[in-house]
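Structural description and commentary
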Amino acid sequence: MKLAVVNFPGSNCDMDLFYAIRDGIKQAVELVDYRATSLKGFDGVLIPGGFSYGDYLRSGAIAVHAPIVKEIIRFANEGKIVLGICNGFQILTELGLLPGALIQNEKSRFICETVDLEVENNQTIFTSHYQPKEVIKVPVAHGEGRYYCDEATLQELKENRQIIFKYKENINGSVDQIAGIANKEKNVLGMMPHPERAIEEILGSDDGLKLFQSLINPEVKVND
């Protein structure tokens, strides 16, 4: 497997994600500049956290106009792996590849801590190495990570099992304690917590490693 990590101006978690792939699961990985126009030769694309374009206008709003975005959309539509973490999740919602939006945290403060997540759906290419309802420890670092959607969208997410991760404690006011969701086809995942920062015990947790291990040995089909 060969994965691309897209680097936008203001990305600051790109190398964490790069090392998670190279050292954590021993797969080929390259940094891809936001000005690139092709993802030919890659099996999946990963969008890292950070503050793309300084979060001007709103988080992820300017990044959606970068040249590489057309290829990200193509990957999503072709059923290839697309993973957006933190700012990457914000970008995926701005693109309309995932429903809802990420807005300012309920208490209007930046949250940087390790939290407990519950795996809501382990039947995806991102989560097949987890147990159903497994509780994992993963860091968060965001000021605009509060997931919001209307009631109809929430019902659809539930019916289609698109809610992949939930916070055990609602740290930011997210609707239904949502920490991560997928598209209907389950090949696109967006999540606010940072699994790439939880791949070794020395970091405080290695619970994020199973997400990346699931990518190379998913044990489920993309559309299951």
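Per an unreviewed UniProt entry, the protein chain is named Phosphoribosylformylglycinamidine synthase subunit PurQ, and its organism is Companilactobacillus futsaii. We quote the UniProt Subcellular location (unreviewed entry) comment for the protein chain here in full: "Cytoplasm". UniProt's Subunit (unreviewed entry) comment on the protein chain is quoted here verbatim: "Part of the FGAM synthase complex composed of 1 PurL, 1 PurQ and 2 PurS subunits."

**A word on the environment of Ile136**
Along the polypeptide, Ile136 turns up in strand S7 (residues 135–142). Sequence separation between Ile136 and Asp207 is 71 residues; the distance between their C-alpha atoms is 5.7 Å. Filtering out sequence-adjacent residues up to four positions away, Ile136 remains in contact with Val115, Asp116, Leu117, Val119, Tyr130, Phe165 and Asp207.

**Regarding the sheet that holds strand S3 (residues 44–47)**
Strand order in the open sheet made by the nine strands is S2-S1-S3-S4-S11-S10-S9-S6-S7, with mixed pairing throughout. The strands lining the two open edges of the sheet, one partner per strand, are strand S2 (28–33) and S7. For this sheet, the mean inter-axis angle between neighbouring strands, taken without regard to orientation, is 25°. Pairing analysis gives four bridges linking S3 to strand S4 (residues 81–85), with the strands arranged parallel. Considered in S4, the bridge of Gly44 is made with Ile81. The sheet contacts of helix H3 (residues 87–95) involve S3, S4, strand S10 (178–182) and strand S11 (188–191), and relative to S4 the element is tilted by about 120°. Packed on one face of the sheet, helix H5 (residues 209–216) meets strand S1 (2–7), S4, strand S9 (163–167) and S11 and runs near 165° to S4.

What counts as what
- Residues numbered from 1 in each chain as written.
- Predicted model: local features only at pLDDT ≥ 70, side-chain atom pairs only at ≥ 80, totals over all residues.
- Heavy atoms only, no water.
- UniProt positions renumbered as here; feature names shortened; annotations may be inferred.
- Helix = DSSP H or I, 4+ residues; strand = E, 2+ residues; numbered from the N terminus.
- Contact = heavy atoms within 4.5 Å.
- Pairing = 2+ DSSP bridges.
- Axes fitted to C-alpha atoms, helices over the stretch in contact; angles between N-to-C directions.

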